[in-house]
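# Architecture at a glance
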Amino acid sequence: MTPHAFAGPSAVDIYVHLRTTIQAAVDRNPPKLPLLNAEPSSLGDERVDLLPSASETTSARTAARFRLSSTHNTAIVVQWRPTLLLPESASQFVPSSTRPSPPRTLKLSPREVLPLRPGTTAQFLLPDQLQIRSVCPRSYFGLLAQHGIAHTFVFDWPEPDHPFFQEIAGMRQTAVVNIVEELTGHVWELHLKPSKERTNIFGYLCKEEDVKRMIRDRAETFLRIRKLPLVLDLDDTLVRVVGNEPGRYIPEEQAMRVPHRVYTLKDGRRIVTSENVHEFLDWAQRYFEISVCSLGDQSYVDMVVQVLDPSRTTIRGILHSARGEYLYIQSSVKPRRPPKDLVTLYPFCRQGTLEGGGPHGWLPMPIPDPMIVDDNHTTWPGEQQDNIIVVREMRNAPDGVWSVSLFPVVQNVLNNIYQEFFKAADVFNAALMADDPSAVLAAAASGGGDGGQQQQQQPQLPHYHNGSNLFVSERPPSAVSIYKDLLRRDLANRIADS
């Protein structure tokens, strides 16, 4: 079965266009927000300076007012020493044998404050206390880097060495605090990311609304190009290492039977690929953006991908090694956690990031859930195991050498998910457009009205049916819901045929 073609724009294309129109309307008429200062200072001065409020004193100061523009700020480095308030959840990473318990507060010492991006000038209130609002996965930092957002702050590593920062460093996460822009009330997120050497913490500053928009845009890109994310494991899924050691290796004498499937890595190790793996990748890249997630280290991941796709024309997504997380988890106070996680690759997999409505006037959208092909479902969180197509070694492998049946079984499952998802997405978006999109646009453009006194209208989810009894729902379709429905129907057919 091949993807259906359309003579004109699809419902997904129309949806993306309408969403862009709505966001433009919101940007022209944003919700009214209270100012933090009735008589704000002028922003015309391009100098970066520390501007204490007239009501503040050295002994009792609640916040420092400063300006970020195009130069460094020595005054902030010298005078600002905020207290970082750790979340209650920080205690779960402290070993029970630790006495006394580590403090719930830490002092941050700025070593350097860098300018914002060219053309960006904002005045902030820097409080004496910074409350960690959330901890974000590695993909959030990747998103900031993708959009060219460099660090603004460099802090010294806080002392004492707290288990909370050991945790976010080991899991390659960022801690997020909110900072408010004084003149507009806009909320900015300060993402605190530990350095690899754990000697500094880098602070990346970005508007909260921009982060949300970037996450949603990432998901919408899949809908626009009509592809779904696909995450492939390496070992025992696509390849297996040659060796005579105990464990999951292919013995030398077996590898000699399939010389067309044997490849040598740059470090001298040899691997055997699954039968028809290159044909499978060539097929899958037409309908999926292929990424890799492996427990092998990053060097190993890169070497295997170089063998599987030397020109990087099929595996165009993220090459992710979860080895660092795996090693950290083994020595942590919670050693049974799974080391792989979809949110480390795709920020929109985090719960609630793609919900419709809200102050941005976003429409509900089909959910392009990543699908996973892996031989070991226990390496992923429980809530993501519905995304997994679990593969096993073939019982009657060609030449009696390890292989996985990528063709036709895995291919057929992925093809059905792809076909049914975009069919349901087109029907859903067509129904959404038929539910009077002009009313949705007007609600979004109002920005809430009267300083938030009137509650903003929310777009109603459409009732729809695709006419084939394959997917019926009032909620936006998702790739996982399609997959589960396919499994239910397959089981029903097996029962009927028994």
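The coordinates are above.
Residues numbered from 1 in each chain as written. Predicted model: local features only at pLDDT ≥ 70, side-chain atom pairs only at ≥ 80, totals over all residues. Heavy atoms only, no water.

### Description of the overall build of the chain
Within the chain, the regular secondary structure consists of 12 helices and 21 strands. Sorting the 498 residues of the chain into buried and exposed places 50% on the buried side. Considering only intrachain contacts with a sequence separation of at least 6, the fraction spanning at least 24 residues in the chain is 74%. (Helix = DSSP H or I, 4+ residues; strand = E, 2+ residues; numbered from the N terminus. Buried < 20%, exposed > 50% of the residue type's maximum accessible area, 1.4 Å probe, protein only. Contact = heavy atoms within 4.5 Å.)

### Digging into the packing of helix α7 (residues 277-284) against helix α10 (residues 406-434)
Taken N-terminus to C-terminus, the directions of α7 and α10 make an angle of 15 degrees; their axes are 10 Å apart at the nearest point. Classed by the angle they form, the pair α7 and α10 counts as roughly parallel. By crossing handedness, the relation of α7 to α10 is classed as right-handed. In contact with V277, E279, F280 and W283 of α7, α10 contributes L406, F407, V410, Q411, L414 and N415. For the contact of α7 with α10, a count of residues per class yields 7 nonpolar, 2 polar and 1 charged. (Axes fitted to C-alpha atoms, helices over the stretch in contact; angles between N-to-C directions. Parallel < 35°, antiparallel > 145°, perpendicular 65-115°, else oblique. Left-handed = near helix turned anticlockwise from the far one by under 90°. Nonpolar A, V, L, I, M, F, W, Y, C, P; charged D, E, K, R; others polar.)

### A look at the nonpolar core
One finds L230, F280, L308 and L414 to be the most contacted residues of the largest nonpolar core, which totals 77 residues. With residues up to four places along the chain from it excluded, the contact list for F280 reads L232, L406, F407, V410, Q411 and L414. (Core = buried A, V, L, I, M, F, W, Y, C linked by side-chain atoms within 4.5 Å.)

### Overview of the packing of aromatic side chains
Per the stated rule, a full pass over the model turns up 18 aromatic pairs. Consider the rings of F280 and W283, whose centres lie 6.3 Å apart with planes at 35 degrees: the pair is tilted. Placement of both F280 and W283 in helix α7 is noted, with a separation of 3 residues, approximately one turn of the helix. Neither residue differs from the other here; F280 and W283 are each classed as buried. (Phe/Tyr/Trp six-rings, centres within 6.5 Å; stacked < 30°, edge-to-face > 60°.)

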